[in-house]
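Summary of structural features
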Amino acid sequence: MAVDKSGQRVRAMFAQIARRYDFLNHFLSGGTDVYWRWRTARAVSVPAGPILDVCTGTGDLAFAFRRRLGDDVAIIGTDFTHEMLVLAQR
Ligand SMILES: C[S@@+](CC[C@H](N)C(=O)[O-])C[C@H]1O[C@@H](n2cnc3c(N)ncnc32)[C@H](O)[C@@H]1O
């Protein structure tokens, strides 16, 4: 049976797990998710312009860039799941 990967289904899934997303990520990855976001933020050379974090979710990668770059560079996070963005905003 084909898995429903429609945008609607994906959004509903992330809306449902939003509150547990960070915990699940850290727990299921044994904490390596923190390390790979830290690495990613360091792998990118300092941009001249804003950073766009697409599918930012609860914002952890955007925050890793913020910790590295300070306030000098605008960082914009986008996502189609409102519940995830609310947690990122908080
Ligand atoms: C696995 S999470 C990653 C979140 C974050 N980047 C991180 O490092 O933890 C994927 C995110 O992508 C978003 N997403 C998935 N498909 C999308 C689409 N077509 N347009 C916008 N957001 C989408 C989901 O809502 C979810 O918040």
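See the structure shown above.
Right, let's walk through the structure included here. (Residues numbered from 1 in each chain as written. Predicted model: local features only at pLDDT ≥ 70, side-chain atom pairs only at ≥ 80, totals over all residues. Heavy atoms only, no water.)

Observations concerning the side chain of aspartate 33
Note the cut-off: Secondary structure follows DSSP: runs of H or I at least 4 residues long count as helices, runs of E at least 2 residues long count as strands, and numbering of each begins at the N terminus. Identification of polar contacts relies on pairs of N or O atoms within 3.5 Å, with a donor-acceptor requirement for protein atoms, meaning one able to donate a hydrogen and the other able to accept it, and with residues adjacent in sequence counted only if both atoms are side-chain atoms. Residues count as neighbours in contact if any of their non-hydrogen atoms are within 4.5 Å of one another.
Relative to the elements of secondary structure, aspartate 33 occurs in helix H2 (residues 32-43). At 2.6 Å, the side chain of aspartate 33 and the side chain of histidine 26 are in polar contact. Polar contacts involving the side chain of aspartate 33 include one to the side chain of serine 29, which spans 2.9 Å. The contacts of aspartate 33, once residues within four sequence positions are left out, are Asn25 and His26.

Quick look at the site of the ligand
Put simply, the rule is: Nearness here has a simple test: a residue counts as near a molecule or strand if at least one of its heavy atoms is within 4 Å of that partner. Note that accessible areas follow from Shrake-Rupley with a 1.4 Å probe, and for residues the cover is restricted to the protein chains shown. Buried and open spaces are told apart on a 1 Å grid over the protein atoms alone, a cavity being a set of points where a 1.4 Å probe fits but cannot get out and a pocket being an open set with protein on both sides within 12 Å along at least five of seven lines. Residues with an atom within 4 Å of a point are the lining residues. What decides whether a molecule sits in a cavity or pocket is whether more than half of its atoms lie within 2 Å of the grid points. Each residue receives one of three labels: charged for Asp, Glu, Lys and Arg, nonpolar for Ala, Val, Leu, Ile, Met, Phe, Trp, Tyr, Cys and Pro, and polar for the others, Gly being one of them.
In the neighbourhood of the ligand, 13 residues make up the surrounding shell, with Tyr21, Arg37, Cys55, Asp79 and Thr81 lying closest. Contacts to the ligand include arginine 37, whose side-chain N or O atom sits 2.9 Å from an oxygen atom. With respect to the ligand, the backbone of cysteine 55 contributes an N or O atom lying 2.8 Å from a nitrogen atom. About the coverage of the ligand: the protein hides 71% of its 590 Å² of free accessible area. Judged by its atoms lying within 2 Å of the grid points, the ligand is housed in the largest pocket. When residues of the shell around the ligand are traced back to their parent elements, those giving at least two are helix H1 (7-28) and H2. Per element, the largest residue contribution to the shell around the ligand is four residues, and it comes from H1. Here the residues of the shell around the ligand sort into seven nonpolar, four polar and two charged.

Describing the pattern of salt bridges
The condition that has to hold: Between Lys or Arg on one side and Asp or Glu on the other, a salt bridge is scored when a side-chain nitrogen of the former is within 4 Å of a carboxyl oxygen of the latter. Three exposure classes are used, based on accessible area relative to the maximum for each residue type with a 1.4 Å probe and protein chains only: buried under 20%, partly exposed in between, and exposed over 50%.
Evaluation of the coordinates by the stated rule reveals three salt bridges. Here aspartate 60 makes a salt bridge to arginine 37, at a shortest N to O gap of 3.9 Å. Taken together, the positions of aspartate 60 in helix H3 (residues 60-69) and arginine 37 in helix H2 put the pair 23 residues apart, joining distant regions of the chain. On the basis of relative accessible area, arginine 37 is assigned to the buried category, the value being 7%. Among the ionic pairs, aspartate 71 bridges to arginine 66, the shortest N-O distance being 3.9 Å.

Observations regarding the environment of glycine 59
Its place among the elements puts glycine 59 in the loop between strand S1 (51-54) and H3. Classification of glycine 59 by relative accessible area gives buried; the value is 3%. Along the backbone, glycine 59 and arginine 90 are 31 residues apart, and their C-alpha atoms lie at a distance of 10.0 Å.

Don't take any of this as a statement about function, it's just geometry.
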